Structures are given as structure tokens and as C-alpha cells.
Amino acid sequence: MHVFGLTGGIASGKSTVSRMLRELGARVLDADVLAREVVEPGTPGLQRIAERFPGVVGPDGRLDRVKLGAHIFANAEERAALNAIVHPEVRALFLQKLQALEAEGITHAVYDVPLLIETGLHQAMAGVAVVWVPRDVQKARLMARDGLDAAQAEARLQAQMALDDKRAHATWVIDNSGTPESTRPQVAAVWRAMLAHG
């Protein structure tokens, strides 16, 4: 099984690229979706979070993300404690989903992970595609998308690894600064290159 990483940054258009890959027939596993699945009601992940962070599970038995977010937002130690619960659960679910794809006869898959490079996970991939846009475009899109002013958008960008730094780790760079029509052929070329691998 050849697994390729897909990453980008806030407002870079990674979701758009992920959708285009799916349209081309790629099997894409989304880390954000897996992270939500491992804290569904009744999961060991949610139980461990409830024990470690009392009061973050609502009366409906679901994780109250707002309460949890407020609790861990400014506290690096608490954030690390949460990650220590969630990350192994996500990894186990990811491996389970990969095995299911393998059983289907799928030989190439894409793992869509926002923090692929920051966590060092890119080193385990057969190749890495980075969705890139110039910083000024990223900032403008973020302001338009989330209704932020320039200072707020800048603060969000400062909190992330710069796309230019991520680009240094890329096997393929997908320049998403133009129209979807200009991005689509790049995505198709990357998917062909992935399929040619192995």
C-alpha cells in the first residue's frame, strides 16, 4: 500500500484539492474526520477525554467542543494531554481504514493531514503534496472567508507553519493561487504521479 500525504495551511484550498482527488478516484483518508470519529459517543477516546477533562461531555453524551476548546486553548500542557489521548486513537483508526482499503485491493491512498509536516508524519509517506498559495493571497482569502480584519488574519497565519516552509518538504507543490480551472490539471498530474509510484 502506497500512502501519500496531502497538506496545506489555513485558507490554502486543501479541501478543494482533496475533493478534486476524490473526483479523480483517489481514496482519501481525512485526519480531521478520523479525529471526530474517535470521540463519538461510546468510544474509548471520548471516555478517556471525559475522565481527563470533567464537564466537557454534554447531556446528549457528545463532546462539547466549545467547552473543551476553552479549556485547552491557552494551556499547552492541557493541549498536550488531549493530543496524547486523541492521536493514538486516530492512528489506530487510520491503520484500520488502510487495512480495509488494502482488503478491497486498493494500492494507493492519500492521507489528508493539516499538521502532516509539523508532526513529522510526512517522513512516513511515499510522497507529499503541499497545497500552496502566496501569503498575501492566503491572508486575503482568510479575511474574506472568516470575516476577519487584517490583524486577526495575521495572528492566525503567525500561529501556523508558513506554506513556504511546508513547500520545502513537498514532493509536489500544487499552486492554488488561481482559479479552480488552473488547479485541477495540477491535481490530476499529481494523482498520475502518485499512481505511477511503485
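This text goes with the structure placed above it.
Computed from a predicted structure; not experimentally measured.

> Just to check I follow, could you spell out the overall build of the protein for this structure?
The helix and strand tally for the protein stands at nine helices and five strands. Listing every helix and strand of the protein by position from the N terminus yields β-α-β-α-α-α-α-β-β-α-α-α-β-α. Against the 2.2 N^0.38 benchmark of 16 Å for 198 residues, the protein shows a C-alpha radius of gyration of 18 Å, consistent with a compact globule. Each of the three principal axes of the protein carries a C-alpha extent, and together these read 50 × 50 × 25 Å. For the protein, long-range pairs separated by at least 24 residues make up 70% of all intrachain contacts whose partners lie at least 6 apart in sequence. Just so you have it, the protein exposes about 10500 Å², and 54% of that area is on carbon and sulfur atoms. For the protein, the distance from the average position of its 22 positive side-chain charges to the average position of its 23 negative side-chain charges is 2 Å.

> Would you take a moment to explain the layout of surface pockets for this structure?
Where empty space is left can be seen by rolling a probe of water-molecule size over the atoms. Space inside the largest pocket adds up to approximately 1400 Å³. Listed by contribution, the elements that provide at least two residues to the lining of the largest pocket are α2 (31–37), α4 (65–72) and α5 (76–103). The element best represented in the lining of the largest pocket is α5, accounting for nine residues. By residue class, the composition of the lining of the largest pocket is 23 nonpolar, five polar and six charged. Space inside the second largest pocket adds up to approximately 200 Å³.

> What is the right way to look at the environment of alanine 189 in this model?
For alanine 189, the location among the structural elements is in helix α9 (residues 180–196). Its relative accessible area of 35% is what places alanine 189 among the partly exposed residues. Taking the C-alpha atoms as reference, alanine 189 lies 33 Å from proline 88; in sequence the two are 101 residues apart.

> Honestly, the nonpolar core in this entry has me stumped. Any pointers?
A general trend in soluble globular proteins is that nonpolar side chains are found buried together. If you look at the biggest cluster of nonpolar residues, it comprises 30 residues, and the most contacted ones within it are Ile49, Phe53 and Tyr111. Of all the secondary structure elements, the ones that give two or more residues to this core are α2, α3 (44–52), α4, α5, β3 (108–112) and β4 (128–132). The dominant element in this core, judged by the number of residues it contributes, is α5, at nine residues. When neighbours within four sequence positions are excluded, tyrosine 111 is seen to be in contact with Val3, Phe4, Gly5, Leu6, Leu29, Ala31, Leu34, Val90, Phe94, Leu121 and Met125. Core analysis: the second largest hydrophobic core is formed by 16 residues, Met20, Val110, Val131 and Ile174 among them.

> Explanation requested: empty space enclosed by the protein in the structure shown.
Counted according to the given criterion, the structure contains one cavity of 30 Å³ or more. There is about 40 Å³ of room inside the largest cavity. Forming the boundary of the largest cavity are Arg135, Gln138, Leu157, Gln160, Met161, Ala162 and Leu163. Tallied by class, residues from the lining of the largest cavity come to four nonpolar, two polar and one charged.

> Sorry if this is basic, but what is going on with the packing of helix α1 (residues 14–23) against α9 here?
The axes of two packed helices give the description: the angle between them and the distance between them. The N-to-C vectors of α1 and α9 enclose an angle of 55 degrees; their axes lie 10 Å apart at closest approach. Put simply, α1 runs oblique to α9. Every pair of crossing elements has a handedness; the one defined by α1 and α9 is right-handed. Seen from α1, the contacting residues are Val17, Met20, Leu21 and Glu23; seen from α9, they are Pro180, Thr183, Arg184, Val187 and Trp191. Tallied by class, the residues present in the contact of α1 with α9 amount to six nonpolar, one polar and two charged.

What counts and how
Residues numbered from 1 in each chain as written. Predicted model: local features only at pLDDT ≥ 70, side-chain atom pairs only at ≥ 80, totals over all residues. Heavy atoms only, no water. Helix = DSSP H or I, 4+ residues; strand = E, 2+ residues; numbered from the N terminus. Rg over C-alpha atoms; globule rule 2.2 N^0.38 Å. Contact = heavy atoms within 4.5 Å. Areas by Shrake-Rupley, 256 points an atom, 1.4 Å probe, with all protein chains shown as cover. Lys, Arg positive; Asp, Glu negative; His and termini not counted. Charge placed at Lys NZ, Arg CZ, Asp CG, Glu CD. 1 Å grid on protein atoms, 1.4 Å probe; cavity = no way out; pocket = protein on both sides within 12 Å on 5 of 7 lines; lining within 4 Å. Points joined across faces, edges and corners; volume = space filled by probe spheres on them. Nonpolar A, V, L, I, M, F, W, Y, C, P; charged D, E, K, R; others polar. Buried < 20%, exposed > 50% of the residue type's maximum accessible area, 1.4 Å probe, protein only. Core = buried A, V, L, I, M, F, W, Y, C linked by side-chain atoms within 4.5 Å. Axes fitted to C-alpha atoms, helices over the stretch in contact; angles between N-to-C directions. Parallel < 35°, antiparallel > 145°, perpendicular 65-115°, else oblique. Left-handed = near helix turned anticlockwise from the far one by under 90°.

Keep in mind that these numbers describe shape and distance, not what the molecule does.
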